[in-house]
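# Structural features, examined
Each chain, letter by letter, is given below.
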Amino acid sequence: MPEASGRPAYDDTNVFARILRGEIPCKRVYEDAFALAFHDIAPQAPVHVLVIPKGPYLSLSDFGRHASEAEIAGFWRAVATVTAQLGLEDAGYRALTNIGQDGGQEVPHFHVHLFAGRRLGRMVPASG
Ligand code: 5GP
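The sections below set out a description of the structure shown in this document.

Rules used in this analysis
- Residues numbered from 1 in each chain as written.
- Predicted model: local features only at pLDDT ≥ 70, side-chain atom pairs only at ≥ 80, totals over all residues.
- Heavy atoms only, no water.
- Near = heavy atom within 4 Å.
- Polar contact = N/O pair within 3.5 Å; in protein donor to acceptor, adjacent residues only side chain to side chain.
- Areas by Shrake-Rupley, 256 points an atom, 1.4 Å probe, with all protein chains shown as cover.
- Helix = DSSP H or I, 4+ residues; strand = E, 2+ residues; numbered from the N terminus.
- Nonpolar A, V, L, I, M, F, W, Y, C, P; charged D, E, K, R; others polar.
- Buried < 20%, exposed > 50% of the residue type's maximum accessible area, 1.4 Å probe, protein only.
- Pairing = 2+ DSSP bridges.
- Salt bridge = Lys/Arg side-chain N within 4 Å of Asp/Glu carboxyl O.
- Phe/Tyr/Trp six-rings, centres within 6.5 Å; stacked < 30°, edge-to-face > 60°.

## Thoughts on the site of the ligand
- For the ligand, the set of nearby residues contains 17 residues, the closest of which are D40, N98, E106, H111 and H113.
- At 2.5 Å, a side-chain N or O of D40 approaches an oxygen atom of the ligand.
- Here an oxygen atom of the ligand and a side-chain polar atom of H113 are 2.8 Å apart.
- Coverage of the ligand by the protein amounts to 86% of the 520 Å² it exposes when considered alone.
- At the level of elements, α1 (15-20), β2 (35-39) and β3 (47-53) are the ones that each hand at least two residues to the shell around the ligand.
- Ranked by residue count, the leading element in the shell around the ligand is α1, at three residues.
- Its residues assigned to classes, the shell around the ligand shows eight nonpolar, seven polar and two charged.

## Looking at the pairing of strand β5 (residues 112-116)
- Of all five residues that make up β5, five are buried, and the element is covered over most of its length.
- The alternating pattern of β5 places V112, L114 and A116 on one face and H113 and F115 on the opposite face, and all of these are buried.
- The pairing of strand β4 (residues 94-96) with β5 spans three bridges and is classified as antiparallel. Its bridge partner lying in β5, L96 is registered against H113.

## Thoughts on the pattern of salt bridges
- In the structure shown here, the tally under the stated rule is five salt bridges.
- Linking R7 and D62 is a salt bridge whose minimum nitrogen-to-oxygen distance equals 2.7 Å. Residue R7 is located in the segment before α1, and its partner D62 is located in helix α2 (residues 60-66); the two are separated by 55 residues in the primary sequence.
- For D62, a relative accessible area of 5% puts it in the buried group.
- Between R28 and E31 there is a salt bridge, with its nearest N and O atoms 2.5 Å apart.

## As for the pairing of β2
- Along β2, four of the five residues are buried, which leaves the element largely enclosed by surrounding structure.
- In terms of strand pairing, strand β1 (residues 28-31) meets β2 through three bridges, oriented antiparallel. Note that in β2 the partner of Y30 across the bridge is A37.
- Between the end of β1 and the start of β2, which pair antiparallel, lie three residues.
- Pairing analysis gives five bridges linking β2 to β3, with the strands arranged antiparallel. Bridge pairing in β3 links H39 to V49.

## Comments concerning the packing of aromatic side chains
- Applying the stated criterion across every chain yields a total of seven aromatic pairs.
- Feature note: the residues Y57, F63, F75, W76 and F110 constitute an aromatic cluster, connected by ring pairs.

If you want it as structure tokens, here you go:
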């Protein structure tokens, strides 16, 4: 249900909100004031980590439009800290964020997937 502003409402029962509140466990990789990183429950590559902001943002677009400068800087610094700590930068990795229905977003809390550990192929998989 959109708010009066036209901004879609954030559903704080989503699974990542519950992870942030400690209601659901996660395999934590990194945490600071702005972000939490943890292993995806259904990894699609040898390394598959999710990085999420601590604030209630639906998507990359919502985050970019409504987060504070400190939240935006803090979040992307955290992503870079995670890629460095996991040693992903030499061999390379993919950062991906799904947005909305056509983007295939399942969890309505902004998150960046980090995939690594093998050659990842073309950017967009075959349809289907
Ligand atoms: P999306 O499709 O929204 O971009 O990605 C959501 C991701 O969250 C999926 O890769 C899915 O495996 C992961 N996921 C869903 N539920 C949980 C959970 O409870 N714990 C963890 N660690 N990952 C989850």
